[in-house]
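Secondary and tertiary structure notes
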Amino acid sequence: MPKRTDIKRILLIGSGPIVIGQACEFDYSGSQAARALRKEGYEVILVNSNPATIMTDPITADRVYLQELTPESIRRIVEKERPDAVLPTMGGQTALNLAAQLHEEGFWEAMGVEIIGVDIEAIQITEDRQKFRDLMEQIGIDQARSRTARSLLEAKEILQELGGLPVVIRPSFTLGGTGGGIVWTMEEFDRKVTRGLELSPVHQVLIEESVYGWKEYELELLRDANDNVIIVCPIENLDPMGVHTGDSITVAPAQTLTDKQYQRMRDAAIKMMRSIGKFAGGCNVQFAVEPHTGRMIAVEINPRVSRSSALASKATGYPIAKVAARLAVGYTLDELPNDVTGTTSACFEPSIDYVVVKIPRWNFEKFEGVDEELTTQMKAVGEVMAIGRTFPEALQKAWQSLENGYAGLGADREDPPREEVRARLKKPYWDRTLQIRNAFRLGASVEEIHDITHIDPWFLYQIEDIVKIERELERRTLDQLDADFLRLVKQYGFSDVQIAYLLQGNVTEADVRARRKVLGITPTFQLVDTCAAEFPAQTPYYYSTYETENESEVTDREKVIILGAGPNRIGQGIEFDYCCVHGVLAAKEMGYEAIMINCNPETVSTDFDVADKLYFEPVFWERVLDIIEHENRHGKLKGVIVQLGGQTALKLARKLHEHGIPILGTSFPMMDLAEERSKFSALLRELEIPFPPYGAARTVAEAVEVAERIGYPILIRPSYVLGGQGMRIAINKEEVERYVRNILKLLPDNEILLDLFLENGIEVDVDAACDGEEVWIAGIMQHIEPAGVHSGDSTAVLPPFSLSEEVLNTIRRYTEDIARRLQVVGLINVQMVVKDNVVYVIEANPRASRTMPFVAKATGVPVAKIGTQLMLGRKLREFREAGLLESKLKGYAIKEPVFSWDKFPEVPKELGPEMKSTGEAIAFVETLTDEHFRRPYAIRNLYLSR
């Protein structure tokens, strides 16, 4: 059945600001769906309140509404735009809940808008725990024994029926496991049931028998209107049941299922999808398997594109959201081509000849007193994905991608003490695979570790094999590394840093690299092709491994490599992915071959058809250098862009510079000048620009001496970090000692910067671009909260609302002077504080900033694209003469931070110099009497803490 012609305009509902449990994977899905629908000739009207995303960029849809996601705003948009259909399955739980609410009110029917891609009845069945249970019983699918409670009394009766503790509490209609968890004590039971009843929008919770320790699996399905169903990807959780899937390390394809078990699971998933309605689209089904008996139960089904869909798409190369959007408008799977091969049908189930490992990324260090134990409530803020030919290779590459200082699964530092390893293994913590490796180093057996962790022995044997290779490396010197053994070591994912650390003698990473090259051991690049190399692939989507054949052909075109931002975390989120996508498109527009390197599966930049070539690899020095050397074989590399990928990309600038690899835009010495506090202060003195008195220290004693000299309150921060990591305000000597000790524990050998804190100052953020001569100021944002609240946690207003013209002129002049002195080519962000009408400069970052997408959406000017094209040689006058630098903003735009406090009820809601928000929304207001301004202004001092 070809696409429908009776609908022409489709409303796509986004997922809103990023919160823990609902992140940018839905931005990826929504962007992909919008692009697919427009390609089919439909007009797409998109509503989403998140300014940091590509999804809300004018390039994505025909009409973009940057408005809050409420029934009222959806009604207004529908009444104005009159869409024929609404697609709510690409915006996570937010979009589904909105669609369901408006359906119950009869709004869609009254407006003649058809819901496509899902049955509302399906949502109601799958979200209502009791209805879902009844349906599964009806079709003969086994589940955990459970019942729904509407009160604490009813919950206690159910507990008795289930045979007592432990049990699992699951509030209805919540996302990311909010309010849920395993309960081990009666006191905890009362508290969690009451909290779950409060958090559930329908005030009911499911009390369920505990399947803690069972194996967990997810299947991603697609179905069309003819009832053709395919399984895109079976995903296995390395962590057993008891850890939320968003917090679990996951592996694709599933590794420990027998063929018979997998067939049973497939059949059950298809039966479940068919039972919940006739809709065409995507679906995610979760199962638990009892390891000893093989009993399989259904955990849940989500009739929408899920968090795992992005992972499954990137793991297989099969674009789930794109296909699901086309199925929603009437196509059948057999009519659609597979985008990767171009010759096979979308009806072919992907088969892969490699292993994919996803590891979540957490930010526990941001939340003092947080409970780090992983439970059924999700706590991760992002994730990385790695591809290898084997599980050990993919696991080590994933650890290299995490950006927490590790060069693989350990083996790059001293082993921790036995007591620490034993304590960390007892409960599921974020570093569980690392502690398993440490336990093997200490002589533990597979059986012992399995008894403690319940992780399938197959995975444990694989980690034990990694440790066996470590032991062999420790016995050798660099000269004793022969080609066969070194190739085996690299096939196990070991980085040169790890190998250098393990070998006898004083060996460096560069020594190992040189030895590898002498022995002819360099990585090969393989295609992600959805069909295990059975058919040729059209899409240039690669991963590195150590094979014999290389599938990445190097062209004669002039190339630009863009380094991505790695995993999302607080302080470096989706806004840098937005900048990277614009960077890729800008380079392509100027005729260069645009090559993307990134490892974040949730993002648009890692979509296989965005860049000319995608390397799904860790943004890790060794891997990046391998790609650069491979792509520069014909000497056609124009350079590498490091300005768009946040601190991740910037951290590699020094090494690129030292290796003589051209950096496009601002030079490394100038970037370093901005980062190096003493050099930057000298630059400000030279320009006669005021800055707060400061000092630097490397020890606790030095820090106290600096603080006593400068005075209190004093701002303490480590250098070279993003998102204010480790920043604190101290008001006396004791606090300086405590904070500095903590920073040095977290970031050893880091220089500590201490600045006089300007109390009650007004903080200002400036985003600008420079072509080496002329400076263009894209936006000046005034923060509502006082200085001391991190800029990422502040409510920012564009243009400023209470600064005099004299102060604004000073701000402009300082920005221009700094940009010219730093010889900026591309983008720059300058942070200032205004106190008693004096403007102080706090810092300058010659790169894309967190606020750049907000400024672009607020003004209608593509700042990141312009900045990239300046790096590639264009001049600002070209853009000005074409009228492309003129702001279209009328009134004010407000950037509103969004927090995920509900995930950490034990953490106090305090705001200080360390960033804690997970996302942001944008609001356009005509006057400052609007609630979006009045409310944050009224409470601007409320949460300021140190």
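That block above? That's the structure.
Criteria and thresholds
Residues numbered from 1 in each chain as written. Predicted model: local features only at pLDDT ≥ 70, side-chain atom pairs only at ≥ 80, totals over all residues. Heavy atoms only, no water. Helix = DSSP H or I, 4+ residues; strand = E, 2+ residues; numbered from the N terminus. Rg over C-alpha atoms; globule rule 2.2 N^0.38 Å. Buried < 20%, exposed > 50% of the residue type's maximum accessible area, 1.4 Å probe, protein only. Contact = heavy atoms within 4.5 Å. Areas by Shrake-Rupley, 256 points an atom, 1.4 Å probe, with all protein chains shown as cover. Lys, Arg positive; Asp, Glu negative; His and termini not counted. Charge placed at Lys NZ, Arg CZ, Asp CG, Glu CD. Salt bridge = Lys/Arg side-chain N within 4 Å of Asp/Glu carboxyl O. Axes fitted to C-alpha atoms, helices over the stretch in contact; angles between N-to-C directions. Parallel < 35°, antiparallel > 145°, perpendicular 65-115°, else oblique. Left-handed = near helix turned anticlockwise from the far one by under 90°. 1 Å grid on protein atoms, 1.4 Å probe; cavity = no way out; pocket = protein on both sides within 12 Å on 5 of 7 lines; lining within 4 Å. Points joined across faces, edges and corners; volume = space filled by probe spheres on them. Nonpolar A, V, L, I, M, F, W, Y, C, P; charged D, E, K, R; others polar. Phe/Tyr/Trp six-rings, centres within 6.5 Å; stacked < 30°, edge-to-face > 60°. Lys NZ or Arg CZ within 6 Å of the ring centre and 35° of its normal. Expected span 1.5 Å × (residues − 1). Arc of directions from axis to C-beta. Pairing = 2+ DSSP bridges. Disulfide = S-S within 2.5 Å.

**Re the overall build of the protein**
In terms of helices and strands, the protein carries 32 helices and 33 strands. What you see for the protein is a C-alpha radius of gyration of 27 Å, in line with the 30 Å of a compact globule of 946 residues. On the principal axes, the C-alpha backbone points of the protein span a range of 80 × 75 × 60 Å. Counting all 946 residues of the protein, 66% fall into the buried class. Of all intrachain contacts in the protein linking residues separated by at least 6 positions in sequence, the fraction that spans at least 24 positions is 70%. Summed over its atoms, the accessible surface of the protein is roughly 33200 Å², and 48% of this surface lies on carbon and sulfur atoms. Distance from the positive charge centre (108 side chains) to the negative charge centre (141 side chains) of the protein: 1 Å.

**A few points about the pattern of salt bridges**
In the structure shown here, the tally under the stated rule is 70 salt bridges. Put simply, Glu81 and Arg63 hold a salt bridge, and the shortest N to O gap is 3.1 Å. With Glu81 in helix α2 (residues 71-81) and Arg63 in strand β3 (residues 63-65), the pair connects residues that are 18 residues apart, well separated along the chain. Taking relative accessible area as the criterion, Arg63 reaches 34% and is therefore assigned partly exposed.

**A few points about the packing of helix α6 (residues 129-139) against helix α9 (residues 259-275)**
Contact geometry of α6 with α9 gives a least axis separation of 11 Å together with a crossing angle of 120°. Between α6 and α9, the crossing angle belongs to the class labelled oblique. By crossing handedness, the relation of α6 to α9 is classed as right-handed. Side by side, α6 and α9 meet where Phe132, Leu135, Met136 and Ile139 of the first sit next to Lys271, Met272 and Ser275 of the second.

**A few points about the layout of surface pockets**
What the second largest pocket holds in volume is close to 1100 Å³. Taken together, 41 residues line the second largest pocket, and the ones lying closest to its centre are Pro17, Val19, Pro897, Val898 and Phe899. Only α3 (92-104), β32 (892-898), β33 (919-925) and α32 (931-938) provide two or more residues apiece to the lining of the second largest pocket. Examining the composition of the lining of the second largest pocket, we find that four residues originate from one element, α32, more than from any other. Its residues assigned to classes, the lining of the second largest pocket comprises 19 nonpolar, 12 polar and 10 charged.

**Observations concerning the packing of aromatic side chains**
Using the criterion set out here, one finds 19 aromatic pairs in the structure. Consider the rings of Trp399 and Tyr406, whose centres lie 5.3 Å apart with planes at 75°: the pair is edge-to-face. The same class applies to Trp399 as to Tyr406, namely buried. Ring pairing ties together the aromatic residues Phe367, Phe899, Trp901 and Phe904, which thus form one cluster. Looking at Arg476, its charged tip hangs above the ring of Phe485, at a distance of 4.0 Å from the centre.

**Some words on the environment of Gly281**
Along the polypeptide, Gly281 turns up in strand β13 (residues 281-289). Each C-alpha atom, one on Gly281 and one on Gly117, is 5.2 Å from the other, the two residues being 164 residues apart in sequence. Setting aside anything within four residues of it in sequence, one finds Gly281 in contact with Gly117, Leu221, Leu222, Arg223, Met273, Ala324 and Leu327.

**Description of helix α28 (residues 805-821)**
The periodicity of an α-helix, 3.6 residues per turn, causes residues three or four places apart in sequence to face the same way. Given a rise of 1.5 Å per residue, 17 residues ought to cover 24 Å, and the 24 Å separating the end C-alpha atoms of α28 matches this to within 8%. If you check which residues of α28 are buried, you get Val807, Leu808, Thr810, Ile811, Tyr814, Thr815, Ile818 and Ala819. Looking straight down α28, one finds its buried side chains confined to an arc of 160°; they lie on one side. In the core, the buried residues of α28 are packed alongside α25 (677-686), β27 (762-771), β28 (775-786), β30 (825-835) and β31 (838-845). Among the residues trailing α28, Gln823 stands out with phi positive, at a value near 50°.

**Some details on the environment of Phe364**
Mapping Phe364 onto the fold places it in the loop between β15 (355-361) and β16 (382-388). For Phe364, a relative accessible area of 6% puts it in the buried group. Taking the C-alpha atoms as reference points, Phe364 and Arg475, 111 residues apart in sequence, are found 37 Å from one another.

**Examining the sheet that holds strand β24 (residues 714-718)**
One open sheet holds the four strands; their spatial order is β23-β26-β24-β25, and the pairing between them is antiparallel. Strands at the two margins of the open sheet, each flanked by one partner only, are β23 (694-697) and β25 (728-730). Within the sheet, the average angular offset between the axes of one strand and its neighbour, ignoring direction, is 25°. Note that β24 and β25 share three bridges and pair antiparallel. Paired with Ile716 across the strands is Arg728, a residue of β25. Packed onto the sheet, helix α26 (residues 700-710) meets β23, β24 and β26 (752-756) and runs at close to 170° relative to β23.

**What about the state of the cysteines?**
Per the counting criterion, the structure on display carries zero disulfides. Cys24 forms no disulfide, and the closest cysteine sulfur to it belongs to Cys580, at a distance of 12 Å. Take Cys24: its relative accessible area is 1%, and that puts it in the buried class. Summary of cysteine pairing: Cys283 is not part of a disulfide, and the nearest cysteine sulfur, belonging to Cys233, is at 15 Å. Accessibility expressed as a relative area gives 1% for Cys283, which makes it buried.

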